[in-house]
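This is what each chain is made of:
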Amino acid sequence: MTASRLSVNVNAIAMLRNRRDLPWPSVTGMAAIAMEAGAKGITVHPRPDERHIRKSDVYDLAELIEDRFPNKELCLEGYPTPDFLDLVEKARPDQVLFVPDAPEQTTSDHGWQFGADKALLKEAITAAREWAVTVSLFLDPDPALASEAAAIGAERIEIYTGPYGACYDSPERAKVELDKVAATAEAARAAGLGVNAGHDLTVENIPALIKRAPFIREMSIGHGFTADALIYGFAGSVQRFRKAMGEV
């Protein structure tokens with residue numbers, strides 16, 4: 001069995017739990033099932049209003065991984081506000097993914113364009129690297145952005161695969177979007193960056209992506225994984241997604 005590149009996003013589990021003043025479904029419990037089944041780690045995006053993941057969840061997940069899964073990884077996503085950076089410093093995840101999200105966004109739906117954000121990102125990247133946290137930047141599928149990400153100190157990028165995932169009913173459009181993702185992945189690799197991918201990835205569309213960019217090191221999957229898990233269970237879906245990635 002090869003090493004996993006699946007990072008399970010458990011935001012949706014937290015959102016379901018938050019519908020009631022009860023501790024279930026357990027975010028850490030479901031995360032443990034995913035990692036026991038072979039996921040490489042867990043991704044969460046704690047938003048300012050805590051509408052799904054709470055700060056307490058972040059600390060609980062960090063403790064879970066440290067105590068029970070020291071070979072797994074925790075990735076935090078967020079906009080680099082002082083409050084978010086404080087959370088990164090205290091929780092010390094393995095990886096932080098900086099995203100250009102406004103607080104009211106329902107999900108990350110675009111990547112950094114740099115421009116006026118360069119100073120903000122440079123400062124955040126410097127801080128995270130001082131804390132020994134690997135830094136990734138969320139980018140649209142545009143090869144020209146890769147060298148800019150490298151120039152300001154990022155170590156990895158995560159390519160926004162939403163446009164590719166949205167073509168589930170159009171093979172022709174999917175090929176066009178896949179070409180963009182693959183070209184961006186190649187540009188990032190050429191710039192010396194690690195390459196991650198995430199958003200609307202499924203067991204159906206992952207194989208074509210892996211075939212075009214087999215060097216992708218991580219795929220962060222939440223909505224598609226949770227939808228799959230409602231049918232096949234958390235452990236079963238880990239195996240299904242890893243099979244789609246050619247790992248089992």
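Analysis parameters
Residue numbers run consecutively from 1 along every chain, following the written order of its sequence. At least 70 in pLDDT is required for a residue's local features to be given in this predicted model, at least 80 for side-chain atom pairs to be given and counted, and no such filter applies to totals for whole chains, interfaces and linings, which use all residues. For side-chain calculations, the full set of non-hydrogen atoms in the structure is used, while hydrogens and water are omitted. UniProt positions are given in the numbering used here, feature names are shortened, and annotations may be inferred rather than shown by experiment. Only protein atoms enter the calculation, which uses a 1 Å grid: trapped sets of points that fit a 1.4 Å probe without letting it out are cavities, open sets showing protein on both sides within 12 Å along at least five of seven lines are pockets, and any residue with an atom within 4 Å of a point is a lining residue. Partly exposed describes any residue whose relative accessible area lies between the buried limit of under 20% and the exposed limit of over 50%, with all areas from a 1.4 Å probe on protein chains only and scaled to the type maximum. Should any heavy atoms of two residues lie within 4.5 Å, those residues are considered in contact. Put simply, DSSP H or I for four residues or longer makes a helix, DSSP E for two residues or longer makes a strand, and each gets a number counted from the N terminus. Grid points are joined across faces, edges and corners, and a volume is the space filled by probe spheres set on the points. Polar here means any residue other than Ala, Val, Leu, Ile, Met, Phe, Trp, Tyr, Cys and Pro, which are nonpolar, and Asp, Glu, Lys and Arg, which are charged; Gly is therefore polar.

**Let's talk about the UniProt feature "binding site: 1-deoxy-D-xylulose 5-phosphate" (unreviewed entry) in the protein**
Argument step 1. With numbering matched to this structure, UniProt assigns "binding site: 1-deoxy-D-xylulose 5-phosphate" (unreviewed entry) to Arg-47, His-52 and Thr-107. What stands out for the annotated residues spanning 61 residues is how close their C-alpha atoms remain, the widest pair being 11.4 Å apart. In this structure, the largest pocket is lined, among the annotated residues mentioned, by Arg-47, His-52 and Thr-107.
Argument step 2. Under the relative-accessibility criterion, His-52 is labelled buried at 3%.
Argument step 3. Discounting residues that sit within four places of it in the chain, His-52 has contacts with Asn-11, Ala-14, Met-15, Arg-17, Asn-18, His-45, Arg-47 and Asp-57.
Argument step 4. Relative to the helices and strands, Thr-107 resides in the loop between β4 (95–98) and α5 (118–130).

**Comments concerning unusual backbone geometry**
Argument step 1. Across the junction of Trp-24 and Pro-25, the peptide omega takes the value 0 degrees, indicating a cis bond.
Argument step 2. Here Pro-25 lies in the loop between α1 (11–17) and α2 (27–36).
Argument step 3. Look at Arg-92: it is not a glycine, yet its phi comes out positive at around 50 degrees.
Argument step 4. With respect to the element layout, Arg-92 can be found in the loop between α4 (82–91) and β4.
Argument step 5. Unlike most non-glycine residues, Asp-200 shows phi in positive territory, near 55 degrees.
Argument step 6. Structurally, the position occupied by Asp-200 is in the loop between β7 (194–198) and α9 (206–212).
Argument step 7. Asp-200 sits in the partly exposed class, given a relative accessible area of 36%.

**Quick word on empty space enclosed by the protein**
Argument step 1. Per the stated rule, a full pass over the model turns up one cavity of 30 Å³ or more.
Argument step 2. For the largest cavity, the full set of lining residues is Ser-7, Lys-40, Gly-41, Ile-42, Glu-73, Leu-74, Cys-75, Asp-94, Gln-95 and Glu-218.
Argument step 3. Contributing elements (two or more residues each) for the lining of the largest cavity: β2 (41–44) and β3 (73–78).
Argument step 4. Here the lining of the largest cavity gets three residues from one element, more than from any other, and that element is β3.
Argument step 5. Broken down by class, the residue content of the lining of the largest cavity amounts to three nonpolar, three polar and four charged.

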